[in-house]
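Residue-level structural notes
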Amino acid sequence: MSRRYFIALGSGRYRHLPEDEQLRSVPTDVRAMTELFAAFGYESVLSGLGEYDGAEQIRQKLSHWSEDTALTSDDVVVVYFAGHGSVEERDRHYLLCWDSRDEDLATTALATEDLVRILCRGNLRHLLLILDTCAGSAGGAEASAVALRTIAYRNAHADSTGLWFLASARRKDIAEDGAFVAALGEAVETTTGRTGQRQQYLDLTELVKAVNERFEGDGRGQRAELASGLVTGLAPFLPNIGYEEELPPLGTDLEVQRRVAARDLTEHFGPRSRGVEFESEQLRNLIFDRLTPRPVNGRARWPAPVKRWTNIADAGDVVALAKELAPSFGHRIRDLRVHNGAEAHDVRPYLTARETGQAIAEALRSGAADLG
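Residues numbered from 1 in each chain as written. Predicted model: local features only at pLDDT ≥ 70, side-chain atom pairs only at ≥ 80, totals over all residues. Heavy atoms only, no water.

Points about the nonpolar core
- Counting residues in each nonpolar core, the largest one holds 43 residues, and the members touching the most others are Met33, Phe37, Ile130 and Phe237.
- Of all elements in the fold, only β1 (4–11), α1 (26–38), β3 (76–83), β7 (126–132), β8 (162–167), α6 (179–195) and α7 (204–217) reach the threshold of two or more residues within this core.
- Per-element tally for this core: the top contributor is α6, with seven residues. (Core = buried A, V, L, I, M, F, W, Y, C linked by side-chain atoms within 4.5 Å. Buried < 20%, exposed > 50% of the residue type's maximum accessible area, 1.4 Å probe, protein only. Helix = DSSP H or I, 4+ residues; strand = E, 2+ residues; numbered from the N terminus.)

The following block contains the structure:
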(Lines give C-alpha, C1' and ligand atoms only; values in the text may rest on other atoms or scores of the structure.)
Protein backbone atom coordinates (compact mmCIF):
# COMPACT_ATOMS: atom_id res chain seq x y z
CA MET A 1 0.00 0.00 0.00
CA SER A 2 1.38 3.40 -0.97
CA ARG A 3 2.26 6.01 1.63
CA ARG A 4 2.21 9.78 1.13
CA TYR A 5 4.76 11.96 2.90
CA PHE A 6 5.10 15.74 2.97
CA ILE A 7 8.38 17.34 4.02
CA ALA A 8 8.51 21.10 4.58
CA LEU A 9 11.99 22.57 4.64
CA GLY A 10 11.63 26.15 5.82
CA SER A 11 14.58 28.49 6.18
CA GLY A 12 13.50 32.05 6.91
CA ARG A 13 16.17 33.21 9.37
CA TYR A 14 19.80 33.63 8.31
CA ARG A 15 22.77 34.24 10.56
CA HIS A 16 24.87 36.07 7.96
CA LEU A 17 22.18 38.13 6.15
CA PRO A 18 20.94 41.64 7.02
CA GLU A 19 17.53 42.14 8.58
CA ASP A 20 15.88 43.24 5.35
CA GLU A 21 16.78 39.87 3.77
CA GLN A 22 15.18 37.75 6.48
CA LEU A 23 12.01 36.00 5.22
CA ARG A 24 9.21 36.66 7.70
CA SER A 25 6.50 34.70 5.88
CA VAL A 26 8.30 31.34 5.77
CA PRO A 27 6.65 29.89 8.94
CA THR A 28 3.22 30.94 7.63
CA ASP A 29 3.95 29.47 4.19
CA VAL A 30 5.11 26.19 5.72
CA ARG A 31 1.94 25.88 7.81
CA ALA A 32 -0.28 26.66 4.81
CA MET A 33 1.47 24.11 2.58
CA THR A 34 1.36 21.47 5.31
CA GLU A 35 -2.39 21.96 5.68
CA LEU A 36 -2.88 21.90 1.90
CA PHE A 37 -1.15 18.56 1.46
CA ALA A 38 -2.72 17.11 4.62
CA ALA A 39 -6.05 17.59 2.86
CA PHE A 40 -4.73 15.33 0.08
CA GLY A 41 -3.87 12.56 2.56
CA TYR A 42 -0.19 13.34 3.18
CA GLU A 43 1.56 12.66 6.48
CA SER A 44 3.78 15.57 7.50
CA VAL A 45 7.21 14.41 8.70
CA LEU A 46 10.38 16.08 10.01
CA SER A 47 8.46 19.00 11.47
CA GLY A 48 10.59 22.12 11.94
CA LEU A 49 13.24 21.00 9.45
CA GLY A 50 15.39 23.98 8.43
CA GLU A 51 14.68 26.16 11.45
CA TYR A 52 18.16 27.18 12.58
CA ASP A 53 19.58 24.03 10.95
CA GLY A 54 22.85 24.00 9.05
CA ALA A 55 23.25 22.16 5.76
CA GLU A 56 24.90 19.13 7.35
CA GLN A 57 22.16 18.86 9.99
CA ILE A 58 19.51 18.88 7.25
CA ARG A 59 21.36 16.25 5.23
CA GLN A 60 21.67 14.01 8.30
CA LYS A 61 18.00 14.34 9.29
CA LEU A 62 16.80 13.60 5.75
CA SER A 63 19.19 10.67 5.46
CA HIS A 64 18.18 9.12 8.78
CA TRP A 65 14.46 9.54 8.08
CA SER A 66 14.77 8.11 4.57
CA GLU A 67 16.69 5.09 5.85
CA ASP A 68 14.35 4.50 8.77
CA THR A 69 11.20 4.83 6.65
CA ALA A 70 12.49 2.46 3.95
CA LEU A 71 10.71 4.18 1.08
CA THR A 72 9.29 1.86 -1.56
CA SER A 73 8.43 2.22 -5.23
CA ASP A 74 4.76 2.73 -4.30
CA ASP A 75 5.40 5.66 -1.97
CA VAL A 76 4.87 9.30 -2.91
CA VAL A 77 6.97 12.11 -1.43
CA VAL A 78 6.53 15.88 -1.75
CA VAL A 79 9.29 18.21 -0.54
CA TYR A 80 8.58 21.93 -0.18
CA PHE A 81 11.45 24.37 0.33
CA ALA A 82 10.77 27.97 1.36
CA GLY A 83 13.77 30.26 1.65
CA HIS A 84 16.62 31.86 -0.25
CA GLY A 85 18.24 30.07 -3.16
CA SER A 86 21.41 30.83 -5.03
CA VAL A 87 22.93 29.79 -8.35
CA GLU A 88 26.69 29.48 -8.57
CA GLU A 89 28.65 29.26 -11.80
CA ARG A 90 27.76 26.35 -14.11
CA ASP A 91 24.18 26.46 -12.80
CA ARG A 92 24.86 24.62 -9.55
CA HIS A 93 21.91 25.49 -7.34
CA TYR A 94 21.98 25.83 -3.55
CA LEU A 95 19.33 26.18 -0.85
CA LEU A 96 20.52 28.61 1.81
CA CYS A 97 20.46 27.42 5.43
CA TRP A 98 20.70 29.17 8.81
CA ASP A 99 24.49 29.59 8.74
CA SER A 100 25.12 29.67 4.95
CA ARG A 101 27.69 32.13 3.61
CA ASP A 102 27.62 33.45 0.06
CA GLU A 103 31.39 33.14 -0.28
CA ASP A 104 31.35 29.45 0.69
CA LEU A 105 28.12 27.90 -0.56
CA ALA A 106 29.72 24.52 -1.33
CA THR A 107 30.24 23.76 2.36
CA THR A 108 27.61 25.91 4.11
CA ALA A 109 24.54 25.54 1.84
CA LEU A 110 22.47 22.55 0.72
CA ALA A 111 22.91 21.65 -2.95
CA THR A 112 19.56 20.90 -4.54
CA GLU A 113 20.96 17.75 -6.13
CA ASP A 114 22.06 16.47 -2.70
CA LEU A 115 18.50 16.67 -1.44
CA VAL A 116 17.29 14.64 -4.42
CA ARG A 117 20.07 12.07 -4.10
CA ILE A 118 19.37 11.46 -0.42
CA LEU A 119 15.65 10.80 -0.89
CA CYS A 120 16.00 8.74 -4.07
CA ARG A 121 18.94 6.53 -3.18
CA GLY A 122 16.52 3.66 -2.48
CA ASN A 123 13.39 2.62 -4.36
CA LEU A 124 11.44 5.90 -4.35
CA ARG A 125 10.10 6.70 -7.82
CA HIS A 126 7.53 9.44 -7.18
CA LEU A 127 9.08 12.67 -5.93
CA LEU A 128 7.78 16.23 -6.28
CA LEU A 129 10.24 18.94 -5.28
CA ILE A 130 8.67 22.40 -4.86
CA LEU A 131 11.20 25.24 -4.72
CA ASP A 132 9.68 28.46 -3.40
CA THR A 133 12.81 30.52 -3.90
CA CYS A 134 14.48 32.96 -6.25
CA ALA A 135 16.33 31.25 -9.11
CA GLY A 136 14.16 28.25 -8.40
CA SER A 137 13.85 26.94 -11.92
CA ALA A 138 17.64 26.70 -12.22
CA GLY A 139 17.51 24.29 -9.30
CA GLY A 140 14.64 22.40 -10.86
CA ALA A 141 16.50 21.97 -14.13
CA GLU A 142 19.67 20.86 -12.37
CA ALA A 143 17.85 18.44 -10.08
CA SER A 144 15.96 17.06 -13.05
CA ALA A 145 19.20 16.34 -14.89
CA VAL A 146 20.66 14.63 -11.83
CA ALA A 147 17.52 12.56 -11.45
CA LEU A 148 17.69 11.45 -15.05
CA ARG A 149 21.29 10.33 -14.65
CA THR A 150 21.21 8.68 -11.25
CA ILE A 151 17.64 7.71 -10.50
CA ALA A 152 15.21 7.53 -13.38
CA TYR A 153 17.30 5.33 -15.66
CA ARG A 154 17.82 2.96 -12.77
CA ASN A 155 14.05 2.35 -12.85
CA ALA A 156 13.64 2.43 -16.62
CA HIS A 157 11.83 -0.92 -16.64
CA ALA A 158 9.59 -0.14 -13.68
CA ASP A 159 5.85 0.24 -14.02
CA SER A 160 5.96 3.99 -13.52
CA THR A 161 8.56 6.62 -12.80
CA GLY A 162 8.12 10.27 -12.05
CA LEU A 163 10.35 13.06 -10.80
CA TRP A 164 8.77 16.48 -10.91
CA PHE A 165 10.30 19.85 -10.04
CA LEU A 166 8.02 22.82 -9.49
CA ALA A 167 9.70 26.20 -9.15
CA SER A 168 7.84 29.25 -7.89
CA ALA A 169 9.96 31.55 -10.07
CA ARG A 170 11.96 31.43 -13.28
CA ARG A 171 15.73 31.74 -13.33
CA LYS A 172 15.89 35.55 -13.18
CA ASP A 173 12.59 36.20 -11.36
CA ILE A 174 12.36 37.60 -7.87
CA ALA A 175 10.12 35.28 -5.84
CA GLU A 176 8.00 37.57 -3.69
CA ASP A 177 7.72 36.53 -0.05
CA GLY A 178 4.49 34.56 0.47
CA ALA A 179 3.14 35.05 -3.07
CA PHE A 180 3.49 31.49 -4.31
CA VAL A 181 1.66 29.73 -1.49
CA ALA A 182 -1.34 32.03 -1.79
CA ALA A 183 -1.46 31.48 -5.55
CA LEU A 184 -1.07 27.69 -5.23
CA GLY A 185 -4.00 27.28 -2.87
CA GLU A 186 -6.30 29.11 -5.27
CA ALA A 187 -4.82 27.26 -8.25
CA VAL A 188 -5.70 23.88 -6.71
CA GLU A 189 -9.36 24.93 -6.52
CA THR A 190 -9.28 26.28 -10.07
CA THR A 191 -7.61 23.17 -11.49
CA THR A 192 -10.00 20.85 -9.64
CA GLY A 193 -12.94 22.68 -11.20
CA ARG A 194 -11.43 22.40 -14.67
CA THR A 195 -10.49 18.74 -14.33
CA GLY A 196 -13.98 17.29 -13.97
CA GLN A 197 -14.81 13.77 -12.82
CA ARG A 198 -12.91 11.53 -15.23
CA GLN A 199 -9.30 12.21 -14.24
CA GLN A 200 -7.90 10.62 -11.08
CA TYR A 201 -5.17 13.19 -10.40
CA LEU A 202 -4.76 16.90 -11.05
CA ASP A 203 -2.44 17.67 -13.96
CA LEU A 204 0.61 19.58 -12.66
CA THR A 205 0.91 21.41 -15.98
CA GLU A 206 -2.61 22.76 -15.57
CA LEU A 207 -1.86 23.60 -11.94
CA VAL A 208 1.17 25.71 -12.90
CA LYS A 209 -0.92 27.40 -15.58
CA ALA A 210 -3.48 28.38 -12.94
CA VAL A 211 -0.72 29.65 -10.61
CA ASN A 212 0.65 31.90 -13.36
CA GLU A 213 -2.83 33.17 -14.17
CA ARG A 214 -3.09 34.27 -10.55
CA PHE A 215 0.36 35.91 -10.71
CA GLU A 216 -0.59 37.74 -13.89
CA GLY A 217 -3.92 38.84 -12.44
CA ASP A 218 -2.12 40.25 -9.39
CA GLY A 219 0.36 42.10 -11.59
CA ARG A 220 3.35 40.09 -10.34
CA GLY A 221 6.41 39.58 -12.52
CA GLN A 222 7.30 36.09 -11.36
CA ARG A 223 6.16 32.95 -13.18
CA ALA A 224 6.18 29.37 -11.91
CA GLU A 225 7.79 26.66 -14.01
CA LEU A 226 7.59 22.86 -14.11
CA ALA A 227 10.33 20.40 -15.06
CA SER A 228 10.22 16.61 -15.04
CA GLY A 229 12.49 13.66 -15.63
CA LEU A 230 11.61 10.39 -17.40
CA VAL A 231 7.94 10.73 -16.48
CA THR A 232 5.40 8.04 -17.29
CA GLY A 233 1.72 8.55 -16.58
CA LEU A 234 -0.12 11.33 -14.80
CA ALA A 235 1.63 12.82 -11.76
CA PRO A 236 0.13 10.99 -8.74
CA PHE A 237 0.64 13.78 -6.21
CA LEU A 238 -2.72 15.59 -6.03
CA PRO A 239 -5.76 13.29 -6.08
CA ASN A 240 -8.78 14.81 -7.80
CA ILE A 241 -11.50 15.02 -5.15
CA GLY A 242 -14.14 15.11 -7.88
CA TYR A 243 -12.97 11.89 -9.54
CA GLU A 244 -15.67 9.30 -10.30
CA GLU A 245 -14.25 5.94 -11.35
CA GLU A 246 -17.41 4.46 -12.88
CA LEU A 247 -18.68 6.91 -15.48
CA PRO A 248 -19.98 6.18 -19.00
CA PRO A 249 -17.58 7.50 -21.69
CA LEU A 250 -18.00 10.94 -23.20
CA GLY A 251 -20.67 11.11 -25.87
CA THR A 252 -22.66 8.19 -24.49
CA ASP A 253 -26.37 8.57 -25.27
CA LEU A 254 -29.14 7.68 -22.84
CA GLU A 255 -29.83 4.27 -24.44
CA VAL A 256 -26.21 3.18 -24.07
CA GLN A 257 -26.18 4.47 -20.49
CA ARG A 258 -29.25 2.32 -19.81
CA ARG A 259 -27.54 -0.75 -21.28
CA VAL A 260 -24.38 -0.06 -19.28
CA ALA A 261 -26.42 0.18 -16.08
CA ALA A 262 -28.19 -3.08 -16.93
CA ARG A 263 -24.86 -4.78 -17.65
CA ASP A 264 -23.48 -3.58 -14.32
CA LEU A 265 -26.39 -5.24 -12.52
CA THR A 266 -25.79 -8.47 -14.44
CA GLU A 267 -22.06 -8.39 -13.64
CA HIS A 268 -22.85 -7.81 -9.98
CA PHE A 269 -25.49 -10.51 -9.43
CA GLY A 270 -24.74 -12.98 -12.26
CA PRO A 271 -21.37 -14.28 -11.05
CA ARG A 272 -22.68 -14.79 -7.53
CA SER A 273 -25.36 -17.10 -8.89
CA ARG A 274 -22.50 -19.19 -10.33
CA GLY A 275 -20.57 -19.31 -7.07
CA VAL A 276 -17.93 -16.64 -7.78
CA GLU A 277 -17.75 -13.12 -6.37
CA PHE A 278 -16.87 -11.28 -9.58
CA GLU A 279 -16.68 -12.02 -13.31
CA SER A 280 -13.09 -10.79 -13.24
CA GLU A 281 -12.15 -13.71 -10.98
CA GLN A 282 -13.01 -16.13 -13.79
CA LEU A 283 -11.06 -14.03 -16.28
CA ARG A 284 -8.04 -13.96 -13.95
CA ASN A 285 -8.07 -17.75 -13.57
CA LEU A 286 -8.44 -18.40 -17.30
CA ILE A 287 -6.00 -15.85 -18.69
CA PHE A 288 -4.13 -13.58 -16.30
CA ASP A 289 -2.73 -16.23 -13.97
CA ARG A 290 -1.53 -18.26 -16.97
CA LEU A 291 0.65 -15.52 -18.46
CA THR A 292 4.33 -16.31 -19.06
CA PRO A 293 6.25 -15.23 -17.06
CA ARG A 294 3.70 -15.66 -14.28
CA PRO A 295 2.37 -12.55 -12.49
CA VAL A 296 3.79 -11.77 -9.06
CA ASN A 297 1.56 -10.40 -6.28
CA GLY A 298 -1.20 -9.65 -8.75
CA ARG A 299 1.07 -7.65 -11.09
CA ALA A 300 2.01 -8.91 -14.56
CA ARG A 301 5.51 -8.50 -15.99
CA TRP A 302 5.88 -5.62 -18.44
CA PRO A 303 6.76 -6.97 -21.94
CA ALA A 304 10.34 -5.75 -22.34
CA PRO A 305 10.28 -4.79 -26.07
CA VAL A 306 7.14 -2.63 -25.61
CA LYS A 307 7.81 1.08 -25.12
CA ARG A 308 4.27 2.45 -25.41
CA TRP A 309 0.98 0.66 -24.74
CA THR A 310 -2.42 2.23 -25.28
CA ASN A 311 -5.43 0.07 -24.41
CA ILE A 312 -8.66 1.16 -26.10
CA ALA A 313 -12.02 -0.32 -25.13
CA ASP A 314 -15.71 0.42 -25.52
CA ALA A 315 -17.66 0.39 -22.25
CA GLY A 316 -20.33 -1.76 -23.90
CA ASP A 317 -17.92 -4.28 -25.45
CA VAL A 318 -18.89 -7.52 -23.69
CA VAL A 319 -15.97 -9.41 -25.29
CA ALA A 320 -13.38 -7.06 -23.80
CA LEU A 321 -14.11 -8.10 -20.21
CA ALA A 322 -11.15 -6.20 -18.70
CA LYS A 323 -11.62 -2.60 -19.80
CA GLU A 324 -8.57 -1.34 -17.89
CA LEU A 325 -5.18 -3.07 -18.01
CA ALA A 326 -3.13 -0.56 -15.99
CA PRO A 327 -4.07 -2.15 -12.63
CA SER A 328 -2.56 -5.43 -13.86
CA PHE A 329 0.43 -4.24 -15.90
CA GLY A 330 1.22 -0.88 -14.31
CA HIS A 331 0.40 2.72 -15.03
CA ARG A 332 2.71 2.94 -18.02
CA ILE A 333 -0.35 1.65 -19.88
CA ARG A 334 -2.78 4.35 -20.99
CA ASP A 335 -6.37 3.07 -20.77
CA LEU A 336 -8.81 4.92 -23.06
CA ARG A 337 -12.55 4.51 -23.55
CA VAL A 338 -14.30 4.94 -26.90
CA HIS A 339 -17.92 4.78 -28.03
CA ASN A 340 -18.48 2.43 -30.98
CA GLY A 341 -22.24 2.88 -31.13
CA ALA A 342 -24.43 -0.17 -31.63
CA GLU A 343 -21.48 -2.37 -32.73
CA ALA A 344 -19.42 -2.18 -29.57
CA HIS A 345 -17.01 -4.99 -30.54
CA ASP A 346 -16.77 -4.21 -34.27
CA VAL A 347 -13.15 -3.74 -35.34
CA ARG A 348 -13.97 -0.96 -37.81
CA PRO A 349 -15.07 1.70 -35.30
CA TYR A 350 -12.12 0.74 -33.11
CA LEU A 351 -9.68 1.32 -35.98
CA THR A 352 -11.32 4.56 -37.13
CA ALA A 353 -11.72 6.07 -33.63
CA ARG A 354 -9.96 9.37 -33.06
CA GLU A 355 -8.28 7.95 -29.94
CA THR A 356 -6.75 5.14 -32.01
CA GLY A 357 -5.36 7.56 -34.58
CA GLN A 358 -3.94 9.83 -31.89
CA ALA A 359 -2.22 6.88 -30.16
CA ILE A 360 -0.63 5.76 -33.45
CA ALA A 361 0.48 9.29 -34.32
CA GLU A 362 2.06 9.78 -30.86
CA ALA A 363 3.92 6.49 -31.17
CA LEU A 364 5.26 7.43 -34.61
CA ARG A 365 6.42 10.82 -33.35
CA SER A 366 8.11 9.23 -30.37
CA GLY A 367 9.85 6.67 -32.59
CA ALA A 368 11.04 9.38 -34.97
CA ALA A 369 12.40 11.41 -32.04
CA ASP A 370 14.32 8.38 -30.75
CA LEU A 371 15.87 7.82 -34.17
CA GLY A 372 16.69 11.49 -34.63
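Moving on, there is more to tell.
Quick look at unusual backbone geometry
- Phi is positive for tyrosine 52, close to 60 degrees, though the residue is something other than glycine.
- As for its placement among the helices and strands, tyrosine 52 is situated in the loop between β2 (43–45) and α2 (55–69).

Observations concerning the pattern of salt bridges
- Scanning all chains against the criterion turns up 16 salt bridges.
- The residue aspartate 114 makes a salt bridge to arginine 59 at a minimum N-O spacing of 3.9 Å. Taken together, the residues aspartate 114 in helix α4 (residues 112–119) and arginine 59 in helix α2 connect sequence positions 55 residues apart. (Salt bridge = Lys/Arg side-chain N within 4 Å of Asp/Glu carboxyl O.)

Focus on the sheet that holds strand β4 (residues 85–87)
- Within the open sheet, the three strands sit side by side as β4-β5-β6. Their pairing is antiparallel. Of all strands in the sheet, those bounded by a partner on one side alone are β4 and β6 (110–111).
- Summarising the sheet, strand β5 (residues 93–95) and β6 pair through two bridges and their orientation is antiparallel. Residue pairing for β6: leucine 95 is matched across the bridge by leucine 110. (Pairing = 2+ DSSP bridges.)

Concerning the pairing of β7
- With seven of its seven residues buried, β7 lies for the most part within the structure.
- In β7, alternate side chains face the same way, and those of His126, Leu128, Ile130 and Asp132 on one face and Leu127, Leu129 and Leu131 on the other are all buried.
- Two strands pair when backbone bridges link them, and β3 and β7 are joined in this way by six bridges, in the parallel orientation. By the bridge assignment, alanine 82 is partnered in β7 with aspartate 132.

A word on the packing of α2 against α4
- At their nearest, the axes of α2 and α4 sit 9 Å apart, and the two run at 20 degrees to each other. In this view, α2 runs roughly parallel relative to α4, as classed from their interaxial angle. Handedness of the crossing formed by α2 with α4: right-handed. Taking contact as the criterion, the partners of Arg59, Leu62, Ser63, Trp65 and Ser66 in α2 are, on α4, Asp114, Leu115, Ile118 and Leu119.
- A breakdown of the residues in the contact of α2 with α4 according to their chemical character gives five nonpolar, two polar and two charged. (Axes fitted to C-alpha atoms, helices over the stretch in contact; angles between N-to-C directions. Parallel < 35°, antiparallel > 145°, perpendicular 65-115°, else oblique. Left-handed = near helix turned anticlockwise from the far one by under 90°. Contact = heavy atoms within 4.5 Å. Nonpolar A, V, L, I, M, F, W, Y, C, P; charged D, E, K, R; others polar.)

Concerning the confidence of the model for the protein chain
- Of the residues in the protein chain, 75% have a pLDDT of 70 or more, and the chain-wide mean is 79.
- Within the protein chain, the element-level pLDDT minimum falls on helix α8 (residues 254–273), averaging 49, and the maximum on β2, averaging 96.
- Considering only residues more than four positions removed or in separate chains, one finds that residues 264–282, a stretch of pLDDT under 50, has 11 contacts. (pLDDT = per-residue confidence, 0-100.)

Describing the packing of aromatic side chains
- Tallied over the full model, the rule gives seven aromatic pairs.
- Summarising the aromatic geometry, the rings of tyrosine 52 and tryptophan 98 are spaced 4.9 Å apart at their centres and angled 65 degrees between planes, so their arrangement reads as edge-to-face. With a gap of 46 residues between them, tyrosine 52 in the loop between β2 and α2 and tryptophan 98 in the loop between β5 and α3 (105–108) connect regions that are remote in the sequence.
- On the basis of relative accessible area, tryptophan 98 is assigned to the partly exposed category, the value being 24%.
- With centroids separated by 5.1 Å and ring planes inclined at 85 degrees, the aromatic side chains of tryptophan 164 and phenylalanine 237 adopt a geometry described as edge-to-face. Pair noted here: tryptophan 164 is in strand β8 and phenylalanine 237 is in the loop between β9 (225–229) and α8, with a separation of 73 residues, a long-range link.
- Ring-pair connections join several aromatic residues into one group, and the members of that group are Phe6, Phe37 and Tyr42.
- Directly above the aromatic system of tryptophan 302 lies the positively charged group of arginine 332, at a separation of 4.2 Å from the ring centroid. (Phe/Tyr/Trp six-rings, centres within 6.5 Å; stacked < 30°, edge-to-face > 60°. Lys NZ or Arg CZ within 6 Å of the ring centre and 35° of its normal.)

Considering the packing of α6 against α7
- Viewed as axis vectors pointing N to C, α6 and α7 meet at an angle of 125 degrees, and their least axial separation amounts to 8 Å. By the angle between their axes, α6 is oblique relative to α7. In this structure, the crossing between α6 and α7 has a hand that is right-handed. Each of Ala179, Phe180, Ala182, Ala183, Leu184, Glu186, Ala187, Val188, Thr190, Thr191 and Arg194 in α6 lies in contact with α7, whose residues at this interface are Glu206, Leu207, Ala210, Val211, Glu213, Arg214 and Phe215.
- For the contact of α6 with α7, a count of residues per class yields 11 nonpolar, two polar and five charged.

A closer look at the environment of arginine 198
- Its location among the elements puts arginine 198 in the loop between α6 and α7.
- On the basis of relative accessible area, arginine 198 is assigned to the partly exposed category, the value being 41%.
- Linking arginine 198 and asparagine 240, residues 42 residues apart in sequence, is a C-alpha distance of 9.1 Å.

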